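Structural characterization, general
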Amino acid sequence: MHPLDDEEAGPLGVAGQIGLAHPAGAEEAEDVLQETLLALHLSRHTYDPSVPVSAWAHAIARYLVAEYKLHNYPYDDLVIFELGAGSGALARGILDYLASSEPEIYTRTRYRIVEISERLAQEQRRKLARHAAAGRVEVVHRDVLAWSDEVVEPCFVIALEVLDNLAHDVVRFALEDLTPYQGVVSIDETGDMHELYEPLSDPLIQRYLQIIGRDLSPLQSSYLRLLPDRLRSVLAKHAPFFPNLSDAVFVPTNALRLFDTLNRFFPHHRLVMSDFNALPDSIGGVNAPVVQTRINAQMVPVTTYLVLQGYFDIFFPTNFAHLAKMYHAVNGAFFSPHFSPHQSKSRAPHVLGHAAFLERYAEREKLVLRDGSNPLLAWYQNASWFLT
């Protein structure tokens, strides 16, 4: 979503870079965007040094400073955890901004990256060496879902493009009575994958379905939603060739695990998340992912998630209304003496469109094209921010 890191796409390499050093106007910039958007944002989001990444980093830094001054300063340090930090470009941009524009807050900043990849952790340490030498940043090589140490101080948790990479489960519902069934994948002796369904028993899936409730309709993407329940039940039971299961519903169970981890071990956290609310070329189903691979330097979408691991990218959209409902269910009412008396309200999730967040916090004037347009605000309209 944001060109903030230069992670590789996987064993098939990285997407081609974008030449946006001196775009003449919105039309030219849009042409370049459309030609490269899938490669850029659906193959681990490669980084072109000509793209002004500081615009996004500085906007996030300005948000953090504003909220820190409102709720924590001068009693607490500015403690930041970043999940899935890529090459460390966002962290460097935020710390550079604090060092130059908020030097007093910079001296009270503790920025920690939680990174599961050792290769990326090494790259982050290299890129952030100057700030590490100043004692401002630390890279923790660890899986955040396996976190076990309580962080008692108030902190911000940044997670950009984390949700779209988290593992999901798949559920389908019997059309006769809407009984849920969980999907499992069987791999035969030839290596072929087969999707099978069994009665729902996974407690995490059960909990998610209970949280979302009626908001998650198994028929919402099907013409069957137009049929009365009784008629649909009779047809499912007796009509030949009538489907016995609904379309697949992809369930963000690892997002629920992440919220559980934050609630348990980061009790005074505040979230800064951003991700896609919709993706083109997704496979069939509710909250279905985009699955694609690279062929002759082109990203090619496929129609199933039953693909060879390591050779395909899988990205999920985020239903932010469901995400907010899940977050509220996990965290409930909140009050901490570390924050202002109004913190229970500010902890409640706020969902903003990409442009709305940047209108408020970005230095928009620094990225105005000659025709007066601003790609900082016009691009990534299928992205949202989730703030608590």
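Residues numbered from 1 in each chain as written. Predicted model: local features only at pLDDT ≥ 70, side-chain atom pairs only at ≥ 80, totals over all residues. Heavy atoms only, no water.

**Focus: the overall build of the protein chain**
- Helix and strand content of the protein chain: 13 helices and 14 strands.
- The buried share of the protein chain, reckoned over its 388 residues, is 52%. (Helix = DSSP H or I, 4+ residues; strand = E, 2+ residues; numbered from the N terminus. Buried < 20%, exposed > 50% of the residue type's maximum accessible area, 1.4 Å probe, protein only.)

**Concerning the pattern of salt bridges**
- The full count for this structure, using the stated rule, is 12 salt bridges.
- A salt bridge links Arg62 to Glu363; its shortest N-O distance comes to 3.6 Å. Placement of Arg62 in helix H2 (residues 54-71) and of Glu363 in the loop between helix H12 (354-361) and helix H13 (375-378) is noted, with a sequence separation of 301 residues between them.
- One salt bridge connects Asp149 with Arg142, and the closest N-O pair in it is separated by 3.0 Å.
- Exposure remark for Asp149: the relative accessible area of 40% places this residue in the partly exposed category.
- Take Arg142: its relative accessible area is 22%, and that puts it in the partly exposed class.
- What you see here is one network of salt bridges that share partners, running through Asp77, Arg108, Arg110 and Glu153. (Salt bridge = Lys/Arg side-chain N within 4 Å of Asp/Glu carboxyl O.)

**Thoughts on the packing of aromatic side chains**
- A complete count under the given rule lists 14 aromatic pairs for this structure.
- Ring plane angle 55° and centroid distance 6.1 Å describe the contact between Phe250 and Phe316, whose orientation is recorded as tilted. Within this pair, whereas Phe250 is found in strand S8 (residues 249-251), its partner Phe316 is found in the loop between strand S12 (313-315) and helix H10 (320-331), the two being separated by 66 residues in sequence.
- What makes Phe250 buried here is its relative accessible area of 6%.
- Ring geometry for Phe259 and Tyr327: centres 5.1 Å apart, planes at 85°, overall edge-to-face. Pair noted here: Phe259 is in helix H9 (residues 253-265) and Tyr327 is in helix H10, with a separation of 68 residues, a long-range link. For the residue pair Phe259 and Tyr327, the accessibility class agrees, reading buried in each case. (Phe/Tyr/Trp six-rings, centres within 6.5 Å; stacked < 30°, edge-to-face > 60°.)

**Side note on helix H7 (residues 203-212)**
- Among the residues of H7, Ile205, Tyr208, Leu209, Ile211 and Ile212 are the ones counted as buried. An end-on view of H7 places all buried positions within 160° of arc, on one side of the element. Among the exposed residues of H7, those pointing more than 90 degrees away from its buried face are Pro203 and Gln210.
- Looking at the buried side of H7, the elements it contacts are strand S5 (169-173), strand S6 (180-187), S8, H9 and H10.
- Where H7 begins, the capping side chain belongs to Asp202, and its oxygen is found 2.8 Å from the backbone nitrogen of Leu204.
- At the C-terminal side of H7, Gly213 shows a positive phi close to 60°. (Arc of directions from axis to C-beta. Contact = heavy atoms within 4.5 Å. Polar contact = N/O pair within 3.5 Å; in protein donor to acceptor, adjacent residues only side chain to side chain.)

**Brief notes about the sheet that holds strand S13 (residues 350-353)**
- What the 7 strands build is an open sheet, ordered S3-S2-S1-S4-S9-S14-S13; its pairing is mixed. Single-partner strands in this sheet number two, and they are strand S3 (137-141) and S13. Taken pair by pair, the neighbouring strands of this sheet meet at an average axis angle of 20°, ignoring direction.
- Bridge analysis of strand S9 (residues 269-276) against strand S14 (residues 383-387) gives 5 bridges, and the strand direction is antiparallel. In the strand pairing of S14, Met273 is matched with Phe386.
- The strands touched by H2 within the sheet are strand S1 (78-83), strand S4 (155-160), S9 and S14, with S4 carrying the most contacts at an inclination of about 160°. (Pairing = 2+ DSSP bridges. Axes fitted to C-alpha atoms, helices over the stretch in contact; angles between N-to-C directions.)

**Examining the nonpolar core**
- Counting residues in hydrophobic clusters, the biggest one holds 44 residues, and the most contacted among them are Ile60, Leu64, Ile94, Tyr111, Ile158 and Phe357.
- If near-sequence neighbours (up to four positions away) are discounted, Ile158 is found in contact with Ile60, Leu64, Ile80, Phe81, Glu82, Leu83, Leu90, Ile94, Tyr111 and Val272.
- In this structure, Val140, Val151, Leu256 and Leu323 belong to the second largest nonpolar core, which totals 42 residues. (Core = buried A, V, L, I, M, F, W, Y, C linked by side-chain atoms within 4.5 Å.)

**Some remarks on the sheet that holds strand S10 (residues 290-295)**
- Pairing is antiparallel in the open sheet, where 3 strands are placed in the order S11-S10-S12. At either margin of the open sheet sits one strand with a lone partner, and together these are strand S11 (298-302) and S12. Adjacent strand axes in the sheet meet at a mean angle of 35°, parallel and antiparallel pairs treated alike.
- Here S10 pairs with S11 via 5 bridges, running antiparallel. For Ile295, the partnering residue across the bridge sits in S11 and is Gln298.

**Overview of the packing of H2 against helix H3 (residues 89-101)**
- Orientation of H2 relative to H3, taken along the N-to-C sense of each, is 55°, at an axis distance of 8 Å. The angle between H2 and H3 places the two elements in the oblique class. Crossing of H2 against H3: the hand is right-handed. Touching Ala57, His58, Ile60, Ala61, Arg62, Leu64 and Val65 of H2 are Leu90, Gly93, Ile94, Tyr97 and Leu98, all from H3.
- Partitioned by chemical class, the residues of the contact of H2 with H3 number 9 nonpolar, 2 polar and 1 charged. (Parallel < 35°, antiparallel > 145°, perpendicular 65-115°, else oblique. Left-handed = near helix turned anticlockwise from the far one by under 90°. Nonpolar A, V, L, I, M, F, W, Y, C, P; charged D, E, K, R; others polar.)

**Observations regarding the pairing of S10**
- The element S10 is largely enclosed, with a buried count of 5 among its 6 residues.
- Note: S10 against S12, 3 bridges, orientation antiparallel. Across the sheet, Val291 pairs through a bridge with Ile314, a residue of S12.
- The antiparallel hairpin formed by S10 and S11 contains 2 residues in its connecting segment, where Asn296 sits at a positive phi of about 50°.

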